[in-house]
Amino acid sequence: MEFVVRDFDLRHTLECGQAFRWQRQPDGAYRGVIGRHVVRAAQRNSTLSLDGAPAGTLRDYFQFDANLAAIIATFPADEHMRRAVAWCHGMRLLRQDPWETLASFICSATKQIVQIRQMVANLCRAFGEPVPPGGKSEIRNSKSETEFAFPVVVAVARATEAQLRACKLGFRAKNLLAAARMIDAGEVRLGAVGAMDYPRAAEELMRLPGVGPKIADCALLFGWGRQEAFPLDVWIERALRRLYFRGKRRVTRRRLVEFHRGYFGPHAGYAQQYLFHYVRNNPQELETAGGLSARRPGVWRNSV
DNA sequence: GCCCAGGCCATTT
DNA sequence: AAATGGCATGGG
């Protein structure tokens, strides 16, 4: 089916590192899995063609109802954010399955995005349910491979560490297995996280092995839609230091957390993803860009 | 061979 | 509170 979209860029949205299950086809369309649906997605100007899943599922996943302009209007209007917003024009945060998001990011520690995608694909093939082919093009294309849903919690909980290591998870295998077992046993209830305030939600997720502040924030941002979560990874840490604290010494991690909480506003996580995608694809910005002084209090200091 | 990758954790200052 | 090293695996 077709959707008329404004301020929407499918490529940025699917390739910015928030989701790991989309593959770009030679014709520029994308093939991926949402829940138990194989989905084909393609954009031509303001027309988005999506096939394979019910409209409601797609609407929720792609967050069509989110007002992107209103969100971007809350970003600090400094030079770096303006460039990031311009370069990532139309990029949107998705609303993904919480468990899939959490598990995927448990696998993400010190791995490049291409490798995370590979690990997730391995997990789906080994422990996920096969899903029927999706839209019309899937039925026509008999050569397309079988797709698999992301494995349910209990499927991972019943695996062995050796099986997970066979999916190339490395030292992350032990963490994912223990996390799945805690969730399966009801020791940590993912269903209860959405009702918690942000600090408590993060604290709850961090009870799981392999989940620290960064991975908890990724899961909360991409899986629970909590836009106050601000994943502070190596790229963002570099970006904050070089763009907002240029030339300053002894900028502690604590200081960076304090800064971003006061500076980026109520949709800080959204802003973070724009900055992340921008600097990762324009690394020269981190070398030559002039820094901004972070001495002035951020616009949002009063709101946090 | 080197270094680094959307980190976390235990240990040491 | 901040630094350090270990943890698997693959890419440049």
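Residues numbered from 1 in each chain as written. Chains lettered and ligands numbered in written order. Predicted model: local features only at pLDDT ≥ 70, side-chain atom pairs only at ≥ 80, totals over all residues. Heavy atoms only, no water.

**Side note on the packing of helix α4 (residues 79-87) against helix α16 (residues 268-281)**
- Viewed as axis vectors pointing N to C, α4 and α16 meet at an angle of 80 degrees, and their least axial separation amounts to 9 Å. If you check the angle between α4 and α16, you find them roughly perpendicular. Across the interface between the two elements, H80, M81, R83, A84, V85 and W87 of α4 pack against A271, Y274, L275, H277, Y278 and N281 of α16.
- A class-by-class count of the residues in the contact of α4 with α16 yields eight nonpolar, three polar and one charged. (Axes fitted to C-alpha atoms, helices over the stretch in contact; angles between N-to-C directions. Helix = DSSP H or I, 4+ residues; strand = E, 2+ residues; numbered from the N terminus. Parallel < 35°, antiparallel > 145°, perpendicular 65-115°, else oblique. Contact = heavy atoms within 4.5 Å. Nonpolar A, V, L, I, M, F, W, Y, C, P; charged D, E, K, R; others polar.)

**Some words on the protein's contact with DNA strand B**
- As a matter of local geometry, DNA strand B sits amid 29 residues, with K111, Q112, I113, Q272 and Q273 nearest to it.
- In the interface set of DNA strand B, defined as its atoms within 4 Å of the protein, sugar plus phosphate atoms amount to 59%.
- One nitrogen or oxygen atom from the main chain of G210 is found 3.1 Å from a phosphate oxygen belonging to DNA strand B.
- Within the residue set of the surface near DNA strand B, elements represented by two or more residues are α13 (213-223), α14 (234-244) and α16.
- In terms of residue class, the surface near DNA strand B is made up of 15 nonpolar, nine polar and five charged. (Near = heavy atom within 4 Å. Polar contact = N/O pair within 3.5 Å; in protein donor to acceptor, adjacent residues only side chain to side chain.)

**Some details on empty space enclosed by the protein**
- In total, this model carries one cavity of 30 Å³ or more according to the counting rule given.
- Volume-wise, the largest cavity comes out at about 30 Å³.
- In terms of lining, the largest cavity is formed by Q18, F20, R21, Q96, E100, T101 and S104. (1 Å grid on protein atoms, 1.4 Å probe; cavity = no way out; pocket = protein on both sides within 12 Å on 5 of 7 lines; lining within 4 Å. Points joined across faces, edges and corners; volume = space filled by probe spheres on them.)

**Points about the protein's contact with DNA strand C**
- Taken together, T110, K111, Q112, Q115, R165, K168, G170, F171, R172, T252 and R254 make up the full set of residues near DNA strand C.
- The share of sugar and phosphate among atoms of DNA strand C within 4 Å of the protein is 62%.
- F171 places a main-chain nitrogen or oxygen 3.2 Å from a sugar or linking oxygen of DNA strand C.
- Contact distances for DNA strand C include 3.3 Å between a base nitrogen and a side-chain N or O atom of R172.
- Residue composition of the surface near DNA strand C, grouped by class: one nonpolar, five polar and five charged.

**Considerations on the pairing of strand β3 (residues 30-34)**
- Counting buried positions over the five residues of β3 gives five, a clear majority of the element.
- Going residue by residue along β3, you find Y30, G32 and I34 tucked away on one face and R31 and V33 tucked away on the opposite face as well.
- For strand β2 (residues 23-24) and β3, the ladder comprises two bridges, and the chain directions are antiparallel. Following the sheet pairing, Q23 is matched in β3 by R31.
- From the end of β2 to the start of β3, which pair antiparallel, there are five residues, and G28 there has a positive phi angle of about 95 degrees.
- Relative to strand β4 (residues 37-44), β3 runs antiparallel, the two being bridged by five bridges. Counted as the bridge partner of Y30 is A41 from β4.
- Hairpin connection, β3 to β4: the antiparallel pair is bridged by two residues, and G35 has positive phi, about 60 degrees. (Buried < 20%, exposed > 50% of the residue type's maximum accessible area, 1.4 Å probe, protein only. Pairing = 2+ DSSP bridges.)

**With respect to the sheet that holds β4**
- Here five strands make up an open sheet; going across it, the order is β1-β5-β4-β3-β2 and the pairing antiparallel. Each end of this open sheet is capped by a strand with a single partner; those strands are β1 (2-4) and β2.
- Along the sheet face, helix α2 (residues 55-62) touches β1, β3, β4 and β5 (47-51) and points at about 100 degrees away from the line of β3.

**Section: the environment of S104**
- Relative to the assigned elements, S104 resides in helix α5 (residues 98-106).
- Sequence-wise, S104 and Q284 are 180 residues apart; in three dimensions their C-alpha atoms are separated by 29 Å.
- Residues contacting S104, with those up to four places away along its chain left out, are F20, I116, V120 and F150.

**Section: the packing of aromatic side chains**
- A complete count under the given rule lists 21 aromatic pairs for this structure.
- Taking 5.1 Å as the distance between ring centres and 85 degrees as the angle between the ring planes, the aromatic pair formed by Y263 and F264 counts as edge-to-face. When sorted by exposure, Y263 lands in the same class as F264, which is buried.
- One residue, R238, lies across the ring of W235, its end atom 4.5 Å from the ring centre. (Phe/Tyr/Trp six-rings, centres within 6.5 Å; stacked < 30°, edge-to-face > 60°. Lys NZ or Arg CZ within 6 Å of the ring centre and 35° of its normal.)

**Observations concerning the domain arrangement of chain A**
- Under the domain assignment used here, chain A contains domain 1 (2-61 + 96-222) and domain 2 (79-93 + 230-288).
- Across the interface of domain 1 and domain 2, roughly 1500 Å² is buried in total on both sides, 58% from carbon and sulfur atoms.
- It is H12, C16 and L221 in domain 1 that bury the most area against domain 2; as a group they hold 36% of the surface buried on that side.
- The tally of links from domain 1 across to domain 2 stands at zero salt bridges.
- Counting across the domain 1 and domain 2 interface gives eight residue pairs in polar contact (both at pLDDT 80 or more).
- Among the elements of the structure, α1 (10-15) and α13 are those that each provide at least two residues to the side of domain 1 that touches domain 2.
- At five residues, α13 tops the list of elements feeding residues into the side of domain 1 that touches domain 2. (Domains from an automatic or database assignment. Buried area = accessible area lost by both parts, 1.4 Å probe. Salt bridge = Lys/Arg side-chain N within 4 Å of Asp/Glu carboxyl O.)

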